[in-house]
Amino acid sequence: MPNVLPTIAALNLMPILPEMILAGMACLILLIDPFLPRHGRNVSYALTLLTLIVLFIVTLLHMSPEVRLSFGGMVVNDPMSDLMKLVSYVALAAVLVMSRGYLRDRGMDKGEYYMLALFGLLGMMILISANHLLLIYLGLELMSLAMYAMTAFKRDDGRASEAAMKYFVLGALASGILLYGMSLLYGVTGGQLMLTDIATALTHDSPSLALKAAVVLLVVGAVFKLGIAPFHMWLPDVYEGAPTAVTLYLATAPKIAALAMVIRLLVDGMGGLMSDWQPILIVTVVLSLAIGNVVAIAQTSFKRMLTYSAISHVGFIMLGILAGTQAGYSAALFYAIAYVVMSIGAFGMILLLARQGYEAENLDDLNGLNDRSPVMAFVFLLLMFSMAGIPFTLGFWAKLAVLQAVVGVGLWWLAVYAVVMAVIGAFYYLRAVKFVYFDAPTDTTPVNADWNVQGVLALSGLLVLIWGLFPSALVGLATRAFGG
Amino acid sequence: MEKIYLAIVLAPLIGALIAGLFGRKIGNVGAHSVTILGVAIAFGLSLYAFYMHVWGGLPTFSAAVYTWAAADSFHFDIGFMIDHLTVLMMVVVTSVSLMVHIYTVGYMVGDPGYQRFFSYISLFTFSMLMLVMANNLLQLFFGWEAVGLVSYLLIGFWYKKETAILANLKAFIVNRVGDFGFLLGIAAILMYANTLDYATFFERLPALAGVKVEYWPGVEWSLPTVIAILLFIGAMGKSAQVPLHVWLPDSMEGPTPISALIHAATMVTAGIFMVARFSPVFELSDAALSFVMVIGAITALFMGLLGIVQNDIKRVIAYSTLSQLGYMTVALGASAYSAAIFHLMTHAFFKALLFLAAGSVIIAMHHEQDIRKMGGLWKYMPITFVTFLIGSLALIGFPGTSGFFSKDSIILAVQASHLPGATFAYWSVLLGVFVTAFYTFRMFFLVFFGKERMDAPTRSHLHESPKVVTLPLILLAIPALLVGYFTIDPLLYSGFFGTAIEVLPAHDVMATLHEHFHGAGAMMLHGFTSPVVWLSFLGVALAGLMYLVLPNQLPMLFARIFAWPKRVLDGAYGFDDFNNVIFGGGSRLLGRGFWRIGDVRLIDGLMVNGTAHLIGVTALQWRKIQTGYLYHYAFVMILGLIGLMTWIVFLR
């Protein structure tokens, strides 16, 4: 490498324009927020949403089917990163819109919430576009630190603090594992950090012991954020302990970024070692599907049930990755997007039912929702059907796509196993629907949540239904993301 | 023309939909107006299509209207095949249907299900037209099942009456038995000929004639025999041939217009039509033809005998329908397809007439159907009396009536046939003539002559039915009387059906008949010299002797002398008892066994509840792993990492 600093023009900054805008806006909000009136963060909220809209437009305008490298190849923009970023913006916007009333009711409506959300998003975007081991680590930590802080956002709440503590310690452990894997990889490949260079360097016929160890460490570090078993232990406690508005944040956009990290590391970087990472993923998927679906049945808390359902869903997403084909990757992405839509709706239901001074987290709180708000009850039914994978909802096509990918590479037994687990899972989704429609409500007052909560919920229900009836548009997007 | 065919089919459907969905809104008058209009349009256009095909020289139309589904190389089309056979059926179906629609206005007045009834009968007309106009087996099967469905709905029309519910259930189940055979036949055609299209199938048929099917190790049948017999089993269910006839007498639980339209004139003849349509297949198999002929002969004679002991006016006519369907089937077996269709047509008119006239009697008698409680009705209801007499004369084949020409042709055709079983069939249909004449006129005399046996209040209210009832009677009496005289020559001896019906020269009994045919008038005169007419006169005379001259002595005397045969007839040969005990009881026993062992123990007990229990227990156990302690969580992570590391790095 010539020992000359590259010029600004050679850095080719256009592809990272959204990241630069985001960083600038986050700093701007950070600066002006203290000078705003003490109560009501309307300006920060509006600026945050404005930022997301601008980012959406800029990313949309710069979309291209080509792979664009910048920053000396450290940052990569391709159709996959474009789609993932767009989904992240929309998901974050939906989360912020829904959380508004909840935060205000609980005195959590502070400027920091919006700034942390934006810095977290910056971390996700860096992760999504990273083509360099250090950049991956940087993005992951930026995202994670924002998430730890948000989990502990309600400082005086014991449960939230405990959750943040667990999250931080286990997250640090996982980061350590990841970093250890990266350093081994760096050594084995003879000092390569760029993922594309690593891919060309890994042409050995049989990988050395150190390389194998690196693969294990990297896989473990990468799947931690997704919450794949047996590295899922933090997930139920954190999701349950965090304020619901934060849970909503944790459960949506970061999943996309974590999926991006897995794809960048395993597929782009270590695609040649598939025969080594595939069995690891198979084991973890088998465990995730079992734990997610079986333990969810024993839960009395709706929020905790959804966290176990999240473990099962990321298991399904990983099915697509472990297939190791273009169809598999796009199926995984399709599933991840579907999961984001569904979990915005499902966790949003808790926001819908929560009142000032009352968290509606238990399954009992769902009783008789149909009598209180038939429209929301129907949205709930759609969401649960979709999570259970009942035709013709979005979730059905998502499950079908990953199963097709797995069957496509001959892993019949795994597909059958996944279907059996999905059937077991259908039990608790349908049980929740039963509470909504057939049980008498404990609280008979009509639901009077904000119009923006109800609006986003209705939208998610509508998406689940429309994409369930006409899935080809979304399937096409996910396929094109991998050059299909 | 394609648009006209579509309109013929759709007009009754639209009427049915309007009357069915908006019946409440448009009221009784609206419902019957719209359905009668629909059927009238269908009738008018059918007449036009008939004219265009028969005199206008239009060639056979056969094309798909649209493709319903395509799978692999198969196309499942909705299409029409319109030839002379089809247009004849269309005219018969729509004309009888129109008469029945008009008649129903008078018959069903005041019934709470008035609109529903009109919706059903229009839906029936649509289904029946779909059946006869089909150009492929799938659509035929659709129409076949749709008419069965409407029949089911209408037999149980008075759904609060338990006997009606049992009767419609019986009709449905017995027809399933026939449909099973029919479906197998269709499947065999699809499997061997690779098509469901009539025309394509008939094209490929010669190549399949020699194919053998080994349906049991060591036992081979030729493919046409297998297909023909399977198809005929379907016809046996729909056209109520022994032993699948048991549902038809019970179907009389439905309203009388239905008995006329569905269970006499049209639906039950669908089986006859289907066999005629598939004449090219039946022609290739002498075994199938003999089978058809023998089944038909048994039905014709033995079901007629049952008519003698019935006392319900509708059941007498129902058994006569069974017997007449037997005649048609015999004709099919003798390869006299055109004679079968000819009889189908004349029977449609005179049997619909008889049923509707019986319905008129029932209205007058305030829904009393027992002929022993009637008598002397002729002076109260002259129009009904005269039209009923015309129907009866046509039924017994009195020379000059339409029934005479068609039934005589069948008997002559059977006489000319050389297939195995033809002799048996000939004697059966010959004796059947005597039996038919006897029970018909037994009923006729008991209803219209003799002592007035009804109670006083009923007698005081006896009067002729309203015009809306008598008009269809008169309109049906005309073809019942005359249609045979004018159409026998064109239908049977002038190649009317053309290529629609195919007969091998070796089987061509109609050609033999043609040599002896010198016009309808000559046939009438010749009739008086044949045993057929005299047998029917003998039947009438015996009925007159028993029920007019010596009504108090002779029936009792005969009942005593023939005590044992009468018991057999009263039990309808024990078919119902046999079915109840063997099939009903057997399947209940089998079902209970499966339910107890398979359902309760294996599926519910072991599989459903067992796995649910297992998963519930597992969930409670696994849940305990989530202790809430941070160091446990970190330990699990490290353990997982070490486990994977050991496996991947050292063990693989």
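For every chain, the first residue of the written sequence is number 1, and numbering continues from 1 along that sequence. Each chain is given a letter, starting from A, and each ligand a number, starting from 1, according to the order in which they appear as written. Only residues with pLDDT of at least 70 are given local features in this predicted model, and only at 80 or more are side-chain atom pairs given and counted; all residues enter the totals for whole chains, interfaces and linings. With hydrogens and water set aside, each side-chain value is computed from the structure's full complement of heavy atoms.

**Considering the overall build of chain B**
Rules: By definition, any uninterrupted DSSP run of H or I lasting at least four residues is a helix, any uninterrupted run of E lasting at least two residues is a strand, and each is numbered from the N terminus. Each residue is assigned to one of three classes by its accessible area relative to the maximum for its type, calculated with a 1.4 Å probe on protein chains only: buried under 20%, partly exposed between the two thresholds, exposed over 50%. Two residues form a contact once any of their heavy atoms are found within 4.5 Å. Each accessible area is a Shrake-Rupley estimate made with a 1.4 Å probe; only the visible protein chains count as cover when residues are assessed.
The helix and strand tally for chain B stands at 27 helices and 4 strands. In chain B, which comprises 652 residues, the share counted as buried stands at 56%. Sequence-distant contacts in chain B: of pairs separated by 6 or more residues, those separated by 24 or more amount to 79%. Roughly 27,000 Å² of accessible area belongs to chain B as shown, and the carbon and sulfur atoms make up 70% of that amount.

**What to know about the overall build of chain A**
A tally of helices and strands in chain A yields 21 helices and 2 strands. Each of the 484 residues in chain A was classed as buried or not, and the buried ones make up 63%. Taking contacts inside chain A between residues at least 6 apart in sequence as the whole, the part at least 24 apart equals 79%.

**Quick look at the nonpolar core**
Residue and element names in this part refer to chain B. For clarity, the cut-off: Buried residues of nine kinds, namely Ala, Val, Leu, Ile, Met, Phe, Trp, Tyr and Cys, make up a nonpolar core once their side-chain atoms join them within 4.5 Å.
The biggest cluster of nonpolar side chains holds 214 residues, and the ones touching the most others in it are M133, F278, F282, I313 and L377. Element by element, the count of residues in this core is highest for helix α15 (residues 337-364), at 20 residues. Beyond its immediate stretch of four places on either side in the chain, M133 contacts Y5, I8, V9, G79, F80, M81, I82, T86 and M90.

**Quick word on helix α14 (residues 302-323) of chain A**
Residue and element names in this part refer to chain A. The following threshold applies: One fewer than the residue count of a helix, multiplied by 1.5 Å, yields its expected span.
The first and last C-alpha atoms of α14 sit 32 Å apart over 22 residues, in line with the 32 Å expected at 1.5 Å per residue. For α14, the buried fraction is high: 22 of the 22 residues fall into the buried class. The first or second residue beyond α14 is G324, which carries a positive phi of 70 degrees.

**What about the interface of chain A and chain B?**
Definition in use: Two parts lose some accessible area (1.4 Å probe) when they are put together, and adding that loss for both gives the buried area. A pairing counts as a salt bridge when a side-chain nitrogen of Lys or Arg comes within 4 Å of a carboxyl oxygen of Asp or Glu. Side-chain atoms alone can form a polar contact between residues adjacent in sequence; in general such a contact is a pair of N or O atoms within 3.5 Å, and within protein one must be able to donate a hydrogen while the other accepts it. Throughout this entry, Asp, Glu, Lys and Arg are counted as charged residues, while Ala, Val, Leu, Ile, Met, Phe, Trp, Tyr, Cys and Pro are counted as nonpolar. The remaining residues, Gly among them, count as polar.
If you look at the interface, chain A gives 37 residues, while chain B gives 23 residues. Across the chain A to chain B interface the summed buried area is about 2,700 Å²; carbon plus sulfur atoms make up 81%. Inspection of the region where chain A meets chain B yields 0 salt bridges. The interface formed by chain A and chain B contains 5 residue pairs in polar contact (both at pLDDT 80 or more). At the level of secondary structure, the elements contributing two or more residues to the side of chain A that touches chain B comprise α7 (158-188), α9 (209-224), α10 (234-241), α13 (274-297) and α14 of chain A. Among the elements that take part in the side of chain A that touches chain B, α13(A) stands out by supplying 11 residues, more than any other. In terms of residue class, the side of chain A that touches chain B is made up of 27 nonpolar, 4 polar and 6 charged.

**Section: unusual backbone geometry**
Cis geometry is adopted by the peptide bond preceding A:P230, which originates at A:A229 and carries an omega value of 0 degrees. A cis amide bond links A:P391 with the next residue in sequence, A:F392, at an omega value of -5 degrees. Locating A:F392 in the fold gives a position in the loop between α17 (374-388) and α18 (394-408). Backbone geometry places B:A572, a non-glycine residue, at a positive phi of 50 degrees. Structurally, B:A572 can be placed in the loop between α25 (563-570) and α26 (575-623).

**Let's talk about the packing of aromatic side chains**
Definition in use: To pair, rings of Phe, Tyr and Trp, with the six-membered ring standing in for Trp, must have centres within 6.5 Å; the planes then decide the type, stacked if under 30 degrees apart, edge-to-face if over 60, and tilted in the middle.
Within the structure shown, the criterion is met by 61 aromatic pairs over all chains. When the centroid spacing of 5.9 Å and the interplanar angle of 45 degrees are considered together, the rings of A:Y329 and A:F482 count as tilted. Here A:Y329, found in helix α15 (residues 326-353), pairs with A:F482, found in the segment after α21 (472-480); they are 153 residues apart in sequence, far enough to count as distant. Note on A:Y329: relative accessible area 7%, which makes it buried. Relative accessible area serves as the criterion here: at 15%, A:F482 is assigned to the buried category. Aromatic rings pair up to connect B:W378, B:F385, B:F388, B:F441, B:F444, B:F445, B:F448 and B:F449 into one cluster.

**Here's the deal with the packing of α18(A) against helix α19 (residues 412-438) of chain A**
Geometrically, a packed helix pair is captured by the angle between its two axes and the distance between the axes. All names here are of chain A. Stated precisely, the cut-off is as follows: Simply put, an axis is a line fit to the C-alpha atoms, just over the touching stretch for a helix, and the angle between two N-to-C directions goes from 0 to 180 degrees. An angle below 35 degrees is treated as roughly parallel, one above 145 as roughly antiparallel, one from 65 to 115 as roughly perpendicular, and anything else as oblique. Crossing handedness is defined as follows: a turn of the near helix away from the far one that is anticlockwise and smaller than a right angle gives a left-handed crossing, while the clockwise case is right-handed.
Interhelical geometry of α18 versus α19 gives an angle of 155 degrees and a closest axis separation of 8 Å. Between α18 and α19, the angle falls in the class roughly antiparallel. Of the two elements, α18 crosses α19, and the hand of that crossing is right-handed. Taken together, the residues of α19 that come into contact with α18 (itself represented by K399, L403, V406 and V407) are W412, L414, A415, A418, V419 and A422. Of the residues belonging to the contact of α18 with α19, the class tally is 9 nonpolar, no polar and 1 charged.

**Thoughts on a nonpolar patch on the surface**
All names here are of chain B. Just so we agree on the cut-off: Excluding any residue in a salt bridge, patches collect residues exceeding 30% relative accessible area, merging like charges within 9 Å and nonpolar Val, Leu, Ile, Met, Phe, Trp and Tyr side chains within 5 Å.
Together, I383, L471, I474, L475, I478, L481, L482, Y485 and F486 give the surface a local cluster of nonpolar side chains, amounting to about 760 Å² of exposed area. Per element, the largest residue contribution to the nonpolar patch is 8 residues, and it comes from helix α20 (residues 467-493). Note that L471 resides in helix α20.

**Quick word on the confidence of the model for chain B**
Cut-off, in case you're wondering: What pLDDT expresses is the predictor's confidence in each residue, scored from 0 to 100.
Chain-level statistics for chain B give a pLDDT mean of 90 and a share of 100% at 70 or above. Per the prediction output, this complex has pTM 0.65; the corresponding ipTM is 0.89.

**Some points on the packing of helix α4 (residues 79-105) of chain A against α15(A)**
Residue and element names in this part refer to chain A. Running from N to C, α4 and α15 point in directions that differ by 0 degrees, and their axes come no closer than 11 Å. Between α4 and α15, the angle falls in the class roughly parallel. In this structure, α4 uses L83, M84, V87, A91, A94, M98, S99 and Y102 to contact α15, whose residues at the interface are L333, I337, V340, I344, G348 and L351. Partitioning the contact of α4 with α15 into residue classes produces 12 nonpolar, 2 polar and no charged.

**Some thoughts on helix α16 (residues 382-396) of chain B**
All names here are of chain B. For α16, which comprises 15 residues, the first-to-last C-alpha distance of 21 Å matches the rise-based estimate of 21 Å (1.5 Å per residue) to within 8%. Looking at the buried residues of α16, the elements they touch are α14 (313-333), α15, α17 (402-416), α18 (422-448), α20 and α23 (531-549). With its phi angle positive at about 80 degrees, G397 sits one or two positions after the end of α16.

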